[in-house]
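Here is how the chains run, residue by residue.
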Amino acid sequence: QVQLVESGGGLVQAGGSLRLSCAASGRTFSTQIMGWFRQAPGKEREFVTCITWNKATYTADSVKGRFTISRDNAKNTVYLQMNSLKPEDTAVYYCASYRSGTVVGASSYDYWGQGTQVNVSS
């Protein structure tokens, strides 16, 4: 069993920054690919970015250059630094632990956090 707990969401003006955290427990975190997804109202869950055990990353074009994923294996925590936020970034953000398959597919992840709300005002 894996527990993932996100934090750091909130309300920010367009152009601002937020840093999300995801604390993990219950699995060997350091060997896991970890991902961030988001889901806006009325839309499907969308891949944002992921990071491998050796800190290689893959990021969606929609946030590339603005969002950065990182991890601290000693703290079992993955982070999402979000800069230059836009109103269209408003969503619930989820971290997830990868199981198998394509890293951009939500079905490839088997454990999810409860999500943290990010609201970007214009």
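To be clear, the structure that these remarks concern was listed above.
Definitions and limits used
Residues numbered from 1 in each chain as written. Predicted model: local features only at pLDDT ≥ 70, side-chain atom pairs only at ≥ 80, totals over all residues. Heavy atoms only, no water. Disulfide = S-S within 2.5 Å. Helix = DSSP H or I, 4+ residues; strand = E, 2+ residues; numbered from the N terminus. Buried < 20%, exposed > 50% of the residue type's maximum accessible area, 1.4 Å probe, protein only. Contact = heavy atoms within 4.5 Å. Pairing = 2+ DSSP bridges. Axes fitted to C-alpha atoms, helices over the stretch in contact; angles between N-to-C directions. Phe/Tyr/Trp six-rings, centres within 6.5 Å; stacked < 30°, edge-to-face > 60°. Lys NZ or Arg CZ within 6 Å of the ring centre and 35° of its normal.

## Here we look at the state of the cysteines
Evaluated as defined, the whole model comprises one disulfide. A sulfur-sulfur separation of 1.9 Å characterises the disulfide bridge that pairs Cys-22 with Cys-95. Taking the sign of the S-S torsion, 50 degrees for the link of Cys-22 and Cys-95, the bridge is right-handed. Highlighted residues: Cys-22 in strand 3 (residues 18-25) and Cys-95 in strand 9 (residues 91-98), separated in sequence by 73 residues. Cys-95 shares its class with Cys-22; the two are buried. As a non-bridged cysteine, Cys-50 has Cys-95 as the owner of its nearest cysteine sulfur, 13 Å distant. The buried category is assigned to Cys-50, whose relative accessible area is 4%.

## Focus on the side chain of Gln-32
In this fold, Gln-32 is placed in the loop between strand 3 and strand 4 (34-39). With sequence-adjacent residues up to four places away left out, Gln-32 is seen in contact with Arg-27, Ile-51, Thr-52, Trp-53, Arg-71, Ser-97 and Tyr-98.

## Considerations on the sheet that holds strand 7 (residues 67-72)
Two modes of strand pairing occur in sheets, parallel and antiparallel, and in both the strands are linked by backbone hydrogen bonds. The strand order across the open sheet formed by four strands is 1-3-8-7, and the pairing between neighbours is antiparallel. In the strand order of this sheet, the two ends are held by strand 1 (3-7) and strand 7, each with one partner. Looking at each pair of strands side by side, their axes are set apart by 15 degrees on average, direction ignored. When strand 1 meets strand 3, the two strands line up antiparallel, connected through five bridges. If you follow Leu-4 over to strand 3, its bridge partner there is Ala-24.

## Here we look at the packing of aromatic side chains
Under the definition given, this model contains seven aromatic pairs. When the ring of Tyr-98 is compared with that of Tyr-109, the centres are 5.6 Å apart and the planes differ by 80 degrees; the resulting orientation is edge-to-face. Taken together, the positions of Tyr-98 in strand 9 and Tyr-109 in strand 10 (residues 109-112) put the pair eleven residues apart, joining distant regions of the chain. Overall, Tyr-109 belongs to the buried group, its relative accessible area being 4%. Following the ring pairs from residue to residue traces out a cluster consisting of Phe-37, Phe-47, Tyr-58, Tyr-94, Tyr-98, Tyr-109 and Trp-112. Between Arg-45 and the ring centre of Tyr-94, over which it is positioned, the NZ or CZ distance is 3.8 Å. The positively charged end of Arg-71 is found above the aromatic ring belonging to Phe-29, 4.5 Å away from the centroid.

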